[in-house]
Amino acid sequence: MQKTLLSLFLMLIILASCNRDQKPEPIRIGITKLTDDGHYSNYGKFILAADSTVELIDLYHTSTDSSLMLFEDCDGLLICGGPDIYPAWYGKEEDTALCGSFDRRRDTLEYRVLRSAIEREIPVLGICRGLQMINVAMGGTLYADIPTQYTGAETHRCKNPDTCYHAVYINDKSLLFQITDARIGVVNTNHHQGIEKLAPPLQIAGRSDDKFPEVIQWKDTTKGSWLLGVQWHPERLNYDQNPYSLPIGNEFMRAVKEKKAQNSN
């Protein structure tokens, strides 16, 4: 009897010790293209600036099926900038000649991981092409080439990517206004495509001077996951001085942590 009690006591001590040594699961952020030429892209640096403890998961440099399996363990999704989305995705294959380069595999990958993220209700941040993919995946369409299809006063792309800037005007009831407390600001711009028909579940939360959509979010913000899309590149703006830069990354990570804590309870 004494030996049995002693054995149970020792087992309890071992279990308690093991529990103390267990580290919490890291927060994992899936990024649709984390690395270029073996180096972290600005998107990875942007997320690490918001939280240096997170684990970044590159969803691009493996098969689509493997990427989907990797994404099952992710707590948030960043859909980053990149080449044009193939127009057949939004029913306008005839506009192909107006586009630049394509990455058909990436179109499929981003569509599938986005749908997975929405089903699991985990936070999603879309940057530039990422905003466009959110709109397309939800049933919207794009202008294949803004200069030839949209009459506006703003220049939305320059030959040198970081030399184009314009003002944005943010809806004061929007998620982005809650994040920044700024109705007007200046952002960089480097795109020749953008939202034409808005997807039904979404709303436009900010525009440029020529009324072009620059920010999207859920129409009904009381349901589903945290979701934000911006047409500019916050990862290339000054983190400390521009309210439309790092504050977006910080709020994305806050939402990720909050959702992960809810799932752990």
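Use the structure listed above.
Rules of the game
Residues numbered from 1 in each chain as written. Predicted model: local features only at pLDDT ≥ 70, side-chain atom pairs only at ≥ 80, totals over all residues. Heavy atoms only, no water. Disulfide = S-S within 2.5 Å. Buried < 20%, exposed > 50% of the residue type's maximum accessible area, 1.4 Å probe, protein only. Core = buried A, V, L, I, M, F, W, Y, C linked by side-chain atoms within 4.5 Å. Helix = DSSP H or I, 4+ residues; strand = E, 2+ residues; numbered from the N terminus. Contact = heavy atoms within 4.5 Å. Axes fitted to C-alpha atoms, helices over the stretch in contact; angles between N-to-C directions. Parallel < 35°, antiparallel > 145°, perpendicular 65-115°, else oblique. Left-handed = near helix turned anticlockwise from the far one by under 90°. Pairing = 2+ DSSP bridges.

S.K.: Quick rundown of the state of the cysteines? Include the residues and the values.
M.R.: In protein structure, a disulfide is the covalent linkage between the sulfur atoms of two cysteines. Here the structure, examined in full by the defined rule, presents one disulfide. There is a disulfide in this structure between Cys 158 and Cys 164, and the S-S distance comes to 1.6 Å. Handedness of the Cys 158-Cys 164 disulfide follows from its S-S torsion of about 70°: it is right-handed. Judged by its relative accessible area of 4%, Cys 164 is buried. This cysteine, Cys 74, is not joined by any disulfide, and Cys 80 carries the nearest cysteine sulfur, 13 Å off. Cys 128 provides the cysteine sulfur closest to Cys 80, a residue in no disulfide bond, and the two sulfurs are 10 Å apart. Given the relative accessible area of 1%, Cys 80 is considered buried.

S.K.: So what's going on with the nonpolar core? Residues and values would help.
M.R.: Counting 36 residues, the largest nonpolar core has Ile 29, Ile 31, Ile 47, Leu 125, Leu 176, Leu 228 and Trp 232 as the members making the most contacts within it. Broken down by secondary-structure element, the contributors of at least two residues to this core are strand E1 (28-31), helix H2 (42-50), strand E6 (124-127), strand E8 (165-170), helix H7 (175-180), strand E13 (227-230) and helix H8 (246-264). Of all the elements, H8 adds the most residues to this core, at six residues. Filtering out sequence-adjacent residues up to four positions away, Ile 31 remains in contact with Tyr 43, Gly 44, Ile 47, Leu 56, Ile 57, Asp 58, Leu 59, Leu 78 and Cys 80. Counting residues in each nonpolar core, the second largest holds 25 residues, with Tyr 60, Phe 71, Ile 118 and Ala 199 among its members.

S.K.: So what about the packing of H2 against H8? Which residues, and what values?
M.R.: Interhelical geometry of H2 versus H8 gives an angle of 70° and a closest axis separation of 8 Å. The orientation of H2 with respect to H8, classified from their angle, is roughly perpendicular. Crossing angle aside, the handedness with which H2 passes H8 is right-handed. Here Phe 46, Ile 47, Ala 49 and Ala 50 of H2 come into contact with H8, specifically with Leu 246, Gly 249, Asn 250, Phe 252 and Met 253.

S.K.: Kindly report on the sheet that holds strand E5 (residues 76-79), identifying the contributing residues and their values.
M.R.: With mixed pairing, nine strands are arranged side by side in an open sheet as E4-E1-E5-E6-E13-E12-E11-E8-E9. Since the sheet does not close on itself, it has two edges, and those belong to strand E4 (55-58) and strand E9 (184-188), each with one partner. Strand-to-strand twist of the sheet, defined as the mean angle between neighbouring strand axes without regard to direction, takes the value 25°. Inspection of the sheet shows E8 paired to strand E11 (residues 202-208) by three bridges, in the antiparallel sense. Counted as the bridge partner of Val 168 is Ser 208 from E11. Those strands touched by H2 are E1, E4, E5 and E6, and its axis lies near 155° from that of E1.

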